[in-house]
Protein chains: 2
Amino acid sequence: MTRTRDPEGGIRVAVSTVILTLRRDADGAPRISLPLVRRIRDPHRDAWALPGGWLDVAESLEEAAGRTLAETTGLAPSYLEQLYAFGAVHRSPTRVVSVVYWALLRSDAVDAQSAAYRATGAAPENVDWFDAAGLPSLAFDHARIIDYALWRLRNKVGYSRVAHGFLPPEFTLAELREAYEAILGRRLDPANFRRQVESAGSLVPTESFRTGSHRPARLYRSNTDVELADRGPLAPEETRTS
Amino acid sequence: MTRTRDPEGGIRVAVSTVILTLRRDADGAPRISLPLVRRIRDPHRDAWALPGGWLDVAESLEEAAGRTLAETTGLAPSYLEQLYAFGAVHRSPTRVVSVVYWALLRSDAVDAQSAAYRATGAAPENVDWFDAAGLPSLAFDHARIIDYALWRLRNKVGYSRVAHGFLPPEFTLAELREAYEAILGRRLDPANFRRQVESAGSLVPTESFRTGSHRPARLYRSNTDVELADRGPLAPEETRTS
DNA sequence: ACAAAAGTGTTCATGTTACACCCATGC
DNA sequence: GCATGGGTGTAACATGAACACTTTTGT
């Protein structure tokens, strides 16, 4: 903001979002899954790309992320965080700076919305869900952006409660552990996992139990006194759709 | 990138940088210090602001950060990382999305450059250095941006080698510890600090010693095999000025 | 000799990992 | 009854904080 030359060089600002959820595969194991949008115009026509769009003058970055998220999935995220601003000169034929967010969706909400779309036949067009481990070839630098989002998720799960963003309000410890295992890509010891999350103080036990197989498992709630992740001094105006 | 309406709403992209270094105060204790620029036009004329400028069509975000950094300090950073993209609608009278970076400068390089400026009388105008703990009132949302940068630095120092970015190629463990202490704002046990950084494998002992007071202290080098911080899958094109 | 910083050793508390074991349910 | 996941106990090990102690210099 100290330069004198004309700033307007035809740089456009786009906002895209890496939307993540857990879906169970054929074996019943949860996998990280995300929606992609098939592009209907050049560049990269017909290629799969991250949901996103141009930033509107009247909306904040986070509002734009929430908007395209709703347009793509019909849902509001359980967690939304800015990932990175990508601005390499040649990442698109025209000059575009993409501010990318990443979001978590509750898997039960995704399933319910999918069922509703099937019932009404009103699903968004050109949107499909993909297993994060088996993505098609993607437009622009979106493959690397997704890699980075998954890396951030794997890191963040170690020092925050973001994994709760995948789960409904009540869940068993096995379900929470399965979420961690899907994110980290490795099995966790159930006994040690229990003690770690219990001592973290982020869980509130309920008096309900999930029955149906073997010994019933106690249901827990997320402790809503604590945010899913510490955003530091980033005040609500910048981190909330408000 | 899926929307149909006209994208061009007069949104401009600025790049600013929180430039951090260590300077010794009157007592000889190192303090985090940063350069600010006095604004010469509205909005916020005469207020202090972060160094920055409009993003040029032909330069990447990181190049823009490096450029304003050089314009402000005459130096290249020892560490440079994107901090956050700020895009609240009313953070400026006109619509501006600011992609903010944070950078570390070696304190010896800053001192040398200051001396050179004094010798030649060619110092950049309207630039002054401030102790991070005693900042004046700032333009826009820049005070909060600096808070966030300092928070990020404090966090990152715990799981990376970023503190080395403040120091010359050779330094004593006491100097490294002083850097950590200035960042964290608390004293560290010299004995435990030594073992922790030694076992981290990021230090290479030399055969030289810093003499002059009491028992000579061994000089160390940073292990250049490892980056100052793990940037994950963000490839060089996005993280380097190249 | 003494002060002060460099550097080593030791102890205690805490957290992590591995794994043995008991518990409660569906079948 | 027995298989299976839910849940508890425990020992081994790694990590970190606190602090006593030795070493080496300048004065």
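Scoring rules and cut-offs
- Residues numbered from 1 in each chain as written.
- Chains lettered and ligands numbered in written order.
- Predicted model: local features only at pLDDT ≥ 70, side-chain atom pairs only at ≥ 80, totals over all residues.
- Heavy atoms only, no water.
- Phe/Tyr/Trp six-rings, centres within 6.5 Å; stacked < 30°, edge-to-face > 60°.
- Helix = DSSP H or I, 4+ residues; strand = E, 2+ residues; numbered from the N terminus.
- Buried < 20%, exposed > 50% of the residue type's maximum accessible area, 1.4 Å probe, protein only.
- Lys NZ or Arg CZ within 6 Å of the ring centre and 35° of its normal.
- Near = heavy atom within 4 Å.
- Polar contact = N/O pair within 3.5 Å; in protein donor to acceptor, adjacent residues only side chain to side chain.
- Salt bridge = Lys/Arg side-chain N within 4 Å of Asp/Glu carboxyl O.
- Axes fitted to C-alpha atoms, helices over the stretch in contact; angles between N-to-C directions.
- Parallel < 35°, antiparallel > 145°, perpendicular 65-115°, else oblique.
- Contact = heavy atoms within 4.5 Å.
- Nonpolar A, V, L, I, M, F, W, Y, C, P; charged D, E, K, R; others polar.
- Pairing = 2+ DSSP bridges.
- UniProt positions renumbered as here; feature names shortened; annotations may be inferred.

Novice: Kindly report on the packing of aromatic side chains, identifying the contributing residues and their values.
Specialist: Aromatic ring pairs are defined here through the distance separating the ring centres and the angle between the ring planes. All told, the structure shown has twelve aromatic pairs over all chains when counted by the stated rule. With 5.7 Å between their ring centres and 20° between their planes, Y148(B) and W151(B) make a pair best called stacked. One end of the pair, Y148(B), and the other, W151(B), are both in helix α3 (residues 142–156), three residues apart, so they sit about a helical turn from each other. Residues Y148(B) and W151(B) agree in their burial class; the two are buried. Site record: aromatic cluster; members linked through ring pairs are Y84(A), F86(A), Y148(A) and W151(A). One residue, R23(A), lies across the ring of W129(A), its end atom 5.1 Å from the ring centre.

Novice: Can you tell me about the protein's contact with DNA strand C, naming the residues and giving the values?
Specialist: Taken together, 20 residues sit near DNA strand C, with N192(A), R215(A), P216(A), R194(B) and R195(B) positioned nearest. Protein-proximal atoms of DNA strand C, defined as those within 4 Å of the protein, fall in sugar or phosphate at a share of 63%. Contacts to DNA strand C include N192(A), whose side-chain N or O atom sits 2.9 Å from a base nitrogen. Here a base nitrogen of DNA strand C sits 3.4 Å away from a polar atom, N or O, in the side chain of R195(A). Where the surface near DNA strand C is concerned, the elements lending two or more residues are α5 (190–199) of chain A together with α4 (173–184), α5 (190–199) and β10 (217–222) of chain B.

Novice: How would you sum up the pattern of salt bridges? Please name residues and give values.
Specialist: Residues and elements named next belong to chain B. One pass over the structure, following the stated rule, counts 30 salt bridges over all chains. For D25, the salt bridge is made with R31, and the minimal N-O distance between the two is 2.9 Å. R106 is the partner of D108 in a salt bridge, and the nearest nitrogen-oxygen pair spans 2.7 Å. The partly exposed category is assigned to R106, whose relative accessible area is 29%.

Novice: So, the packing of helix α4 (residues 173–184) of chain A against α5(A): which residues are in play, and what are the values?
Specialist: Two measures define how a pair of helices packs: the angle their axes make with one another and the distance between the axes. Residue and element names in this part refer to chain A. Running from amino to carboxyl end, α4 crosses α5 at an angle of 100°, the nearest separation of the two axes being 10 Å. With respect to α5, the axis of α4 lies roughly perpendicular. In this structure, α4 contributes L173, L176, R177 and Y180 to the contact, and α5 contributes P190, F193, R194 and V197. Here the residues of the contact of α4 with α5 sort into six nonpolar, no polar and two charged.

Novice: Outline the pairing of strand β2 (residues 30–38) of chain A, supporting the account with residue identities and numerical values.
Specialist: Residue and element names in this part refer to chain A. Counting buried positions along β2 gives seven out of nine residues, so the element sits mostly inside the fold. Bridge count between strand β1 (residues 12–24) and β2: four bridges; the pairing is antiparallel. Bridge pairing links R23 to R31 in β2. Counted along the chain from β1 to the antiparallel partner β2, the turn is five residues long, and its residue G28 has a positive phi close to 85°. In this sheet, strand β7 (residues 127–131) lies alongside β2 in antiparallel orientation, the contact comprising five bridges. Residue pairing in the sheet places P35 in a bridge with W129 of β7. The sheet contact formed by β2 and strand β3 (residues 48–49) spans two bridges and is antiparallel. From the neighbouring strand, V37 faces β3, where its bridge partner is A49.

Novice: Account for the UniProt feature "domain: Nudix hydrolase" (unreviewed entry) in chain A, naming residues and giving values.
Specialist: According to UniProt, the "domain: Nudix hydrolase" (unreviewed entry) feature falls on residues 10–154 of chain A. Taken end to end, residues 10–154 of chain A comprises 28% helix and 34% strand; its first and last C-alpha atoms sit 36 Å apart.

Novice: Could you give an account of the sheet that holds strand β8 (residues 170–172) of chain B, with specific residues and numbers?
Specialist: Residues and elements named next belong to chain B. What the three strands build is an open sheet, ordered β8-β10-β9; its pairing is antiparallel. Each end of this open sheet is capped by a strand with a single partner; those strands are β8 and β9 (203–210). Going across the sheet, the axis of each strand differs from the next one's by a mean of 40°, ignoring polarity. The sheet contact formed by β8 and β10 spans three bridges and is antiparallel. Pairing of E170 across the sheet is with R221, part of β10. Across the sheet, α4 touches β8, β9 and β10, and the angle it forms with β8 is around 80°.

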